[in-house]
Amino acid sequence: MIASVRAVFVTLLLATASVAAEVPTGLDQALAVVGSARHAVEALPVLSGTEAFDVEAFRQSLRELRGETPYSAFLTAQDVVDLVSTSSTGSEQFMTFNVGWAALEVNWFYATLLGDREIADSISTQSAVLMSQNDWYFANVIQAGSVVFASIFRTRAEAGSLAMVLRSSAAGVSIAAYLPDAIDPEGFVRQRMQTVFDRLTNAAEFIRAAGEAYSYY
């Protein structure tokens, strides 16, 4: 299922990309990480309210899902910056920045639920670095608006496609309703993933609005 969704994302990008028609390197991997959060919560047992939630069994299912090396990518701000560097326009950079950042946050989600505190703390530090860069990516789209969206290869349709990737990624991290109190007693994981969801949907709306504002067609 996740692979088929990623294939749709790639098709969308290819359909609206520049003459080179190149999908940003690493985007497929980032989308896989983001989508895996939904995969994880879908594996949770359905509780009737009469049985106890087995935290260790849940953690074991996460370990099995993630494999022997669960944190192979998107652990640092530099990983996200490297992904962004493969994008050619401000709008694409903004999209890949947010998808890469979401992938890093999903790795935090796994590290936290698995009890890997050191990794979770390190990812939180790296996420703070990305937070400090967020405004620059917003400003980059606004300042280069006419260049980014009004050229022959940058239409409203492309802005819509980039926004759709962000909205679909948001759906992948919309998991707060599926995490029981037993695994997240203070609600901090659910709150943080809700923040990721909000950030992705806001970024999608921003790109869509920029396309409407700056594109001639």
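Note that this is a predicted model, so its numbers are computed, not measured.

Peer 1: Describe the confidence of the model for the protein chain, listing the residues and the values that go with them.
Peer 2: Mean pLDDT over the protein chain works out to 81, with 79% of the residues at or above the 70 mark. Considering each helix and strand of the protein chain separately, the mean pLDDT is smallest for helix α1 (residues 2–16), with a value of 50, and largest for helix α4 (residues 77–84), with 94. Note on residues 14–21: pLDDT is under 50 here. Beyond four places in sequence and across chains, it has 12 contacts.

Peer 1: Explain the pattern of salt bridges to me, using residue names and the numbers behind them.
Peer 2: One pass over the full model with this rule turns up 8 salt bridges. Glu105 is paired through a salt bridge with Arg199; the nearest N and O atoms lie 4.0 Å apart. Placement of the pair is Glu105 in helix α5 (residues 90–114) and Arg199 in helix α9 (residues 188–214), with a sequence separation of 94 residues. With respect to class, Glu105 is no different from Arg199; both count as buried. Here Asp121 makes a salt bridge to Arg117, at a shortest N to O gap of 3.1 Å. Taken together, the positions of Asp121 and Arg117, both in helix α6 (residues 117–143) and 4 residues apart, correspond to about one turn of that helix.

Peer 1: Can you break down the packing of α5 against helix α8 (residues 156–172) residue by residue, with the values?
Peer 2: Where α5 meets α8, the closest approach of the two axes is 10 Å, and the angle between their N-to-C directions is 5°. Accordingly, the angle class assigned to the pair α5 and α8 is roughly parallel. Facing α5, whose interface residues are Ser91, Glu92, Met95, Asn98 and Val99, α8 presents Glu158, Leu162, Val165, Leu166 and Ser169. Of the residues that constitute the contact of α5 with α8, the class distribution is 5 nonpolar, 3 polar and 2 charged.

Peer 1: Explain the packing of α5 against α9 to me, and be specific about the residues and the numbers.
Peer 2: Packing of α5 against α9 brings their axes to within 10 Å, and their N-to-C directions diverge by 170°. By the criterion of interaxial angle, the relationship of α5 to α9 is roughly antiparallel.

Peer 1: Summarise α5; cite the residues concerned and give the values.
Peer 2: For α5, built from 25 residues, the straight-helix expectation of 36 Å at 1.5 Å per residue is met to within 8% by its first-to-last C-alpha distance of 36 Å. For α5, the buried fraction is high: 24 of the 25 residues fall into the buried class. Directly beyond the C-terminal end of α5, a positive phi value near 80° is found at Gly115.

What counts, and at which threshold
- Residues numbered from 1 in each chain as written.
- Predicted model: local features only at pLDDT ≥ 70, side-chain atom pairs only at ≥ 80, totals over all residues.
- Heavy atoms only, no water.
- pLDDT = per-residue confidence, 0-100.
- Helix = DSSP H or I, 4+ residues; strand = E, 2+ residues; numbered from the N terminus.
- Contact = heavy atoms within 4.5 Å.
- Salt bridge = Lys/Arg side-chain N within 4 Å of Asp/Glu carboxyl O.
- Buried < 20%, exposed > 50% of the residue type's maximum accessible area, 1.4 Å probe, protein only.
- Axes fitted to C-alpha atoms, helices over the stretch in contact; angles between N-to-C directions.
- Parallel < 35°, antiparallel > 145°, perpendicular 65-115°, else oblique.
- Nonpolar A, V, L, I, M, F, W, Y, C, P; charged D, E, K, R; others polar.
- Expected span 1.5 Å × (residues − 1).

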